[in-house]
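Structural characterization, general
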Amino acid sequence: MDETTIRYAHRLHRHRHPRLTGYRILVVALTAGFGFFKALLSYLGKNTAPNTLDWMYGVVVFLLLYWMGIYEKYTLHNVPWLFEWDYMEGAWRALDRHVGNGNGSVQNHEE
């Protein structure tokens, strides 16, 4: 193996997950919330509300997330808590506190 391949494999092993940034949390939360409320409105028998929700989410939220994605890619990130900080460590600690036994067993199981 050449030096570049070894460095790439080491980096890949060290970071097994993509960074969990505030922006990515926002995208997942908005998408999950959209799906939940659309399913709820459909279940309740509303005919026009899911379509209105589609338009609102499809236009307003999509444009907001689209512009934020451009900002993430091409600017100097004046808001590091949204685009740079990795919240995965905090997510592991919270998961361990609520699901594990509090001694890091959930996170250590993944390693």
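Sequence order as written defines residue numbering, which begins from 1 separately in each chain. Under the rules for a predicted model, residues below a pLDDT of 70 receive no local features and side-chain atom pairs below 80 are neither given nor counted, while totals for whole chains, interfaces and linings still include all residues. The side-chain numbers reported here are obtained from all heavy atoms of the structure, hydrogens and water having been left aside.

1. Thoughts on the pattern of salt bridges
For this document, the term salt bridge refers to a Lys or Arg side-chain nitrogen within 4 Å of an Asp or Glu carboxyl oxygen. Considering all chains together, one arrives at one salt bridge under this definition. Two residues, Asp54 and Lys38, come together in a salt bridge whose shortest N-O distance is 2.9 Å. Separated by 16 residues along the polypeptide, Asp54 in helix α3 (residues 49–74) and Lys38 in helix α2 (residues 22–43) bring together distant segments of the chain. Classification of residues uses two cut-offs on accessible area relative to the type maximum, computed with a 1.4 Å probe and protein chains only: under 20% is buried, over 50% is exposed, and between them is partly exposed. Among the residues examined, Lys38 registers a relative accessible area of 27% and is labelled partly exposed. Counting from the N terminus, the helices are the DSSP runs of H or I reaching at least four residues and the strands are the DSSP runs of E reaching at least two.

2. So, α3
Along an α-helix, a turn takes 3.6 residues, which lines up residues three or four apart on a common side. By this rule the span expected of a helix is its residue count minus one, scaled by 1.5 Å. For α3, with 26 residues, the first-to-last C-alpha span of 36 Å sits near the 38 Å given by 1.5 Å per residue. In this scheme, the bend at a residue equals the angle between the axes fitted to the seven residues that finish there and the seven that begin there. Along its length, α3 shows its largest kink, about 30°, at Phe62. Those residues of α3 hidden inside the fold are in contact with α2 and α4 (80–83). The contact rule is simple, with two residues in contact once any of their heavy atoms fall within 4.5 Å.

3. Concerning the side chain of Glu72
Tracing the backbone through its elements, the reader meets Glu72 in helix α3. Arg24 provides the closest opposite charge to the buried, salt-bridge-free Glu72, at an N-O distance of 4.7 Å. If sequence neighbours within four positions are ignored, Glu72 has contacts with Tyr23, His77 and Phe83. Lys and Arg are tallied as positive, Asp and Glu as negative. Neither His nor the chain termini are counted.

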